[in-house]
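Listed below, chain by chain, are the residues.
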Amino acid sequence: EEEQAQVDELKARDREVRAHEQAHAAVGGQYAGAPSYTFQTGPDNQRYAVGGEVAIDVSPVEGDPEATIDKMSVVIAAALAPAEPSPQDRKVAALAQSQLAQAMAELMSQRAEARNAASYDKTL
């Protein structure tokens with residue numbers, strides 16, 4: 001009976017871990033790797049996922065702030081996709097939010113420079 005309770009607990013944890021990591025992978029698309037898991041063998045000699053991770057690329061798109069903004073929006077959604085994001089998930093989302101803010105500032109700067117150059121050309 002005690003062993004069955006442990007197996008039931010491991011089965012529930014396995015479902016939770018797999019759903020959590022699949023949520024990251026599904027939403028992250030091209031920026032997310034495949035889930036990897038750590039396993040524990042139960043008293044029934046079956047392996048159950050008890051932990052996992054999905055690598056998510058949080059690097060900016062060099063020289064393209066618009067693409068970086070789009071990418072970081074996906075990364076944030078992927079990091080926060082599970083029903084209960086972990087502290088690490090929230091850390092990744094915060095990093096992506098920071099990258100997104102930098103890209104927005106860079107894009108605004110580029111647009112301001114373009115406007116200034118255009119108005120300078122008109123005065124010549």
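Residues numbered from 1 in each chain as written. Predicted model: local features only at pLDDT ≥ 70, side-chain atom pairs only at ≥ 80, totals over all residues. Heavy atoms only, no water.

Visitor: Could you give an account of the side chain of Thr 68, naming the residues involved and the relevant values?
Guide: Inspection of the secondary structure puts Thr 68 in helix H2 (residues 65–79). The buried category is assigned to Thr 68, whose relative accessible area is 3%. Each residue touching Thr 68, except ones within four places of it in the same chain, is listed here: Pro 60, Val 61, Gln 99 and Ala 103. (Helix = DSSP H or I, 4+ residues; strand = E, 2+ residues; numbered from the N terminus. Buried < 20%, exposed > 50% of the residue type's maximum accessible area, 1.4 Å probe, protein only. Contact = heavy atoms within 4.5 Å.)

Visitor: Help me get a handle on the packing of aromatic side chains, residues and values and all.
Guide: Two aromatic rings are characterised by how far apart their centres lie and by the angle between their planes. With the rule as written, the count across this model stands at one aromatic pair. Taking the ring centre of Tyr 37 as reference, the NZ or CZ of Arg 18 above it sits at 4.9 Å. (Phe/Tyr/Trp six-rings, centres within 6.5 Å; stacked < 30°, edge-to-face > 60°. Lys NZ or Arg CZ within 6 Å of the ring centre and 35° of its normal.)

Visitor: How would you explain the packing of helix H1 (residues 2–28) against H2 if you had to name every residue and give the values?
Guide: Here H1 crosses H2 at 165°, and the two axes come no closer than 8 Å. Between H1 and H2, the angle falls in the class roughly antiparallel. Regarding H1 and H2, the two cross each other, and that crossing is right-handed. Each of His 24, Val 27 and Gly 28 in H1 lies in contact with H2, whose residues at this interface are Val 74, Ala 77, Ala 78 and Ala 79. (Axes fitted to C-alpha atoms, helices over the stretch in contact; angles between N-to-C directions. Parallel < 35°, antiparallel > 145°, perpendicular 65-115°, else oblique. Left-handed = near helix turned anticlockwise from the far one by under 90°.)

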